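Listed below, chain by chain, are the residues.
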Amino acid sequence: MSVPLGAFIAVSATLFFIGTAGVLVRRNAVVILMCVELMLNAANLALVAFSRRYGAVDERGSVFVVFVFVIAAAEVAVGLAIVLSAYRNRPTVDVDEIRAMKG
Amino acid sequence: MTDVAAVYPEIIVTIVACLVLVGDTALGRRRATAALPAITVAGLALAIVATVTVVPLGHYFRGFVVVDAFTGFFRAVFLLLAIFATLVSPEYLERRRIPAGEYYATICFSTVGAMTIALSSDLITLFVGLELMTIPIYVLAGIQRGDRYSNEAALKYFLLGAFSSALLLYGFAWLYGVTRATDFAAIASYLVANGVASGPTIVALALVTVGLGFKAAVVPFHQWTPDAYEGAPTPATAFMSVGPKAAAFAAILRVLVGALGPLAVDWSIVIAVLAAVTMTAGNVVALAQGNTKRMLAYSSIAHTGYILAAVAASRAGVSAGAAVLFYLFAYGLMNLGAFACLLYVDLDGTRGASLDELNGFARREPLGALAFAVFLVSLTGIPPTIGFIAKFYVIQPVLDAGLAWLAVVIALNAVLAAFYYLRVVVRMYMYDPEGAVPRLVSPRLLSTSLGVASAAVVILGIVPNSLLEWAQRAAQPLVR
């Protein structure tokens, strides 16, 4: 029994929209970061699904996913460090309160 | 073996970054302040030498990497900008107690990422390069950890940068799904063979355009730019405003023109409208700024618009690509220089420089003011500077591509921009200093490098031919 491509893409698109909506709506920097991760994983799911459909002749999609894992890990490491250093100076992670500069 | 030889310049810069990090701890604080910039500049210069004496042009690493004239041009530009950024920084870093080792290493790592974008011939390489370029820049923006403006700059840059990367990646995933390929040539040939753009292709195109638009600070995806540029330490801003921008345009050229070129009929009008909106919004908001650093941030958004206009004109052929490359070179030189001139007045307790602080600047710091005036005149686009030549070469392909209205918008914007650039020059030369004037330092290294850069701006404005020919050769691979 095999799951059709459309099902994977539907899940992936749903994840992507949840992530995008979260980034746009939520004000907590850490939650925004989590939503970005959701978007990256939506892309990963789409890449793997397409790669499986195209079969053994084209594994570039799966290769892409491995690179995205590494990049996402690096991004989280830097992102949490930035949130932490901002929190040390002013104990909040609300992006609406971190606005010393106008704009 | 030849595969590895193809990326020698990148390997050299990576090694330099690691050397700087090790040297920072091994040398001790006193010797490190003098040695680290020297190591960085020497290493980057060595990498420039390596770019001209490498392997034959062609594809390497099973088609993931391409070395062509385009790669060579951008490698040289990124390395030159990194050298310039390194030379203007040491005195400021010492004054503000910013950790020097991390600072130079971060610039080097980011440069490796930018160079990786230049040599990508595949979506995977391009995405890895883009992230390798931007993640160090987030660190650079927030490198002054105790300063809440720096924190805020880093946080805003990071959140929107990560968001845009995710949009871009989802676009890439769809592109792979539609075309069954990740390398640019295969994507382009699939699109040519299968004719009209389908729904999923348009979705992918839109996501890729928005993602890259964020990276290049195209209006309406520019909201992070003024805050990130204003809050970051000034030498970091100087580098952030040119290196990543040039890298973003390298990515735009590789993806939109290289891979998605067959869809140019679909995207060129969108890009043209975005270009017009970007340059107008950037200039109008810059007019209202009282802080010079923030004004230059909005001005850099306006310049994104001019460069994007040349991208929109890509159907004019090589001249459009050459205009983008030439403008990026000119913009890098003059914008990095203009931000670096603020280092004279950006002392303890000040952030950037209000316009009032620049009153009578010429009397206090004649050479610094002269360099600043040259950069501002060049940013305005007045001859005989490189900025004028760059604008001139942008307008030509825009007309050739049948976008006469866009050429008119560019010309009107140049007039609008003249007001706020020249206002600074007038204040520096014709006003008296007022109130308590902060004590100025006159750093030797900063003055020397700004002198060389401003001389280059004028000389290349008078004899631009060899640079232009180089840009034309570099734009050749984009045209199929």
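Note that this is a predicted model, so its numbers are computed, not measured. (Residues numbered from 1 in each chain as written. Chains lettered and ligands numbered in written order. Predicted model: local features only at pLDDT ≥ 70, side-chain atom pairs only at ≥ 80, totals over all residues. Heavy atoms only, no water.)

Let us look at the overall build of chain B. Each helix and strand in chain B was counted, giving 22 helices and 2 strands. Dimensions of chain B along its principal axes, counting C-alpha atoms only, are 70 × 55 × 40 Å. Here chain B, with 480 residues, has 64% of them falling under the buried criterion. Relative to all contacts within chain B whose residues are 6 or more apart in sequence, the contacts with residues 24 or more apart total 81%. When the accessible surface of chain B is split by element, carbon and sulfur atoms take 68% of a total near 15700 Å². Charge centroids of chain B, computed over 28 positive and 24 negative side chains, lie 2 Å from each other. (Helix = DSSP H or I, 4+ residues; strand = E, 2+ residues; numbered from the N terminus. Buried < 20%, exposed > 50% of the residue type's maximum accessible area, 1.4 Å probe, protein only. Contact = heavy atoms within 4.5 Å. Areas by Shrake-Rupley, 256 points an atom, 1.4 Å probe, with all protein chains shown as cover. Lys, Arg positive; Asp, Glu negative; His and termini not counted. Charge placed at Lys NZ, Arg CZ, Asp CG, Glu CD.)

For chain A, the count of helices and strands is 3 helices and 0 strands. N-terminal to C-terminal, the α/β element order of chain A is α-α-α. Here the C-alpha atoms of chain A give a radius of gyration of 17 Å, more than 25% beyond the 13 Å that 2.2 N^0.38 yields for 103 residues. Here chain A, with 103 residues, has 43% of them falling under the buried criterion. On chain A, roughly 5400 Å² of surface is accessible, and the fraction owed to carbon and sulfur atoms is 69%. Averaging the positions of the 9 positive and the 7 negative side-chain charges in chain A gives two centres separated by 4 Å. (Rg over C-alpha atoms; globule rule 2.2 N^0.38 Å.)

It is worth spelling out helix 22 (residues 465-475) of chain B at this point. All names here are of chain B. For helix 22, the complete set of buried residues consists of Leu467, Leu468, Ala471, Ala474 and Ala475. For helix 22, the buried positions fall inside an angular range of 120° around the axis, keeping them on one side. For helix 22, the exposed residues set more than 90 degrees away from the buried face come down to Ser466 and Arg473. At its buried positions, helix 22 is contacted by helix 4 (69-88), helix 16 (318-341), helix 19 (386-400) and helix 21 (444-462). (Arc of directions from axis to C-beta.)

Every contact between the two is made by 46 residues of chain A and, on the other side, 47 residues of chain B. Carbon and sulfur atoms supply 75% of the area that chain A and chain B bury against each other, a total of about 4000 Å² over both sides. Counting the surface chain A buries against chain B, the share from its top three residues, Arg60, Phe64 and Met101 of chain A, is 20%. Across the contact surface, chain A and chain B share 1 salt bridge. For the salt bridge of Arg60 of chain A with Asp122 of chain B, the shortest nitrogen-to-oxygen distance reads 2.3 Å. There are 8 residue pairs in polar contact (both at pLDDT 80 or more) connecting chain A and chain B. Breaking the side of chain A that touches chain B down by element, the ones donating at least two residues are helix 1 (5-25), helix 2 (29-54) and helix 3 (60-89) of chain A. Per-element tally for the side of chain A that touches chain B: the top contributor is helix 3 of chain A, with 16 residues. Considered class by class, the residues forming the side of chain A that touches chain B number 32 nonpolar, 8 polar and 6 charged. (Buried area = accessible area lost by both parts, 1.4 Å probe. Salt bridge = Lys/Arg side-chain N within 4 Å of Asp/Glu carboxyl O. Polar contact = N/O pair within 3.5 Å; in protein donor to acceptor, adjacent residues only side chain to side chain. Nonpolar A, V, L, I, M, F, W, Y, C, P; charged D, E, K, R; others polar.)

All names here are of chain B. In terms of nonpolar packing, the biggest core is built from 218 residues, with Phe74, Leu260 and Trp267 touching the most fellow members. Beyond its immediate chain neighbours, meaning those up to four positions away, Phe74 contacts Ala118, Ala246, Ala250, Leu253, Leu325 and Leu328. One finds Val55, Val65, Val67 and Leu119 within the second-largest nonpolar core, a separate group that totals 8 residues. (Core = buried A, V, L, I, M, F, W, Y, C linked by side-chain atoms within 4.5 Å.)

Next up on the list: the pattern of salt bridges. All names here are of chain B. Scanning the model with the defined rule gives 10 salt bridges over all chains in all. Here Lys156 and Glu152 are joined by a salt bridge, their closest N and O atoms 2.7 Å apart. Linking Lys156 with Glu152, this pair stays in helix 8 (residues 148-179), spanning 4 residues, or about one helical turn. Owing to a relative accessible area of 1%, Glu152 belongs among the buried residues under this scheme. Residue Asp227 pairs with Lys156 through a salt bridge whose shortest N-O separation is 2.8 Å.

As a further point, take the packing of helix 14 (residues 264-287) of chain B against helix 15 (residues 292-312) of chain B. Residues and elements named next belong to chain B. Viewed as axis vectors pointing N to C, helix 14 and helix 15 meet at an angle of 160°, and their least axial separation amounts to 7 Å. By the angle between their axes, helix 14 is roughly antiparallel relative to helix 15. Crossing of helix 14 against helix 15: the hand is left-handed. Every residue of helix 15 that contacts helix 14 at Trp267, Ser268, Ile271, Ala272, Leu274, Ala275, Thr278, Met279, Gly282, Asn283, Val285 and Ala286 is listed here: Met295, Tyr298, Ser299, Ile301, Ala302, Thr304, Gly305, Tyr306, Leu308, Ala309, Val311 and Ala312. Classifying every residue of the contact of helix 14 with helix 15 gives 17 nonpolar, 7 polar and no charged. (Axes fitted to C-alpha atoms, helices over the stretch in contact; angles between N-to-C directions. Parallel < 35°, antiparallel > 145°, perpendicular 65-115°, else oblique. Left-handed = near helix turned anticlockwise from the far one by under 90°.)

Attention shifts here to the side chain of His222 of chain B. Residue and element names in this part refer to chain B. Mapped onto the elements of the fold, His222 is located in the loop between helix 10 (199-216) and helix 11 (224-231). Take His222: its relative accessible area is 17%, and that puts it in the buried class. Ignoring anything within four residues of it in the chain, the contact list for His222 reads Ala217 and Ile301.

So, about the packing of aromatic side chains. All names here are of chain B. Counting across every chain of the model gives 24 aromatic pairs over all chains. Measuring from centroid to centroid gives 6.1 Å for Phe163 and Phe214, while their planes differ by 80°, and the two rings are edge-to-face. You can see Phe163 sitting in helix 8 and its partner Phe214 sitting in helix 10, a full 51 residues away along the chain. A residue is classified by how much of its surface remains accessible, and Phe214, at 8% relative accessible area, is buried. (Phe/Tyr/Trp six-rings, centres within 6.5 Å; stacked < 30°, edge-to-face > 60°.)

Residues and elements named next belong to chain B. Residue Val219 is joined to Pro220 through a cis peptide bond whose omega torsion reads 5°. In this structure, Pro220 sits in the loop between helix 10 and helix 11. Residues Pro383 and Pro384 are joined by a peptide bond in cis, for which omega reads 5°. Relative to the helices and strands, Pro384 resides in the loop between helix 18 (366-380) and helix 19. One non-glycine residue, Phe61, adopts positive backbone phi at about 50°.

Next up on the list: the packing of helix 13 (residues 243-259) of chain B against helix 15 of chain B. Residues and elements named next belong to chain B. Contact geometry for helix 13 and helix 15: axes closest at 12 Å, N-to-C directions at 20°. Judged by the inter-axis angle, helix 13 sits roughly parallel to helix 15. Crossing angle aside, the handedness with which helix 13 passes helix 15 is right-handed. Across the interface between the two elements, Lys245, Phe249, Ile252 and Leu253 of helix 13 pack against Ser300, Ile301, Thr304, Ile307, Leu308 and Val311 of helix 15. Per-class residue counts for the contact of helix 13 with helix 15 are 7 nonpolar, 2 polar and 1 charged.

On the surface, Val4, Tyr8, Ile11, Ile15, Leu19 and Phe61 of chain B cluster together to form a nonpolar patch covering roughly 490 Å² of accessible area. No other element matches the 4 residues that helix 2 (residues 8-26) of chain B contributes to the nonpolar patch. (Patch = residues over 30% accessible without salt bridge, like charges linked within 9 Å, V, L, I, M, F, W, Y side chains within 5 Å.)

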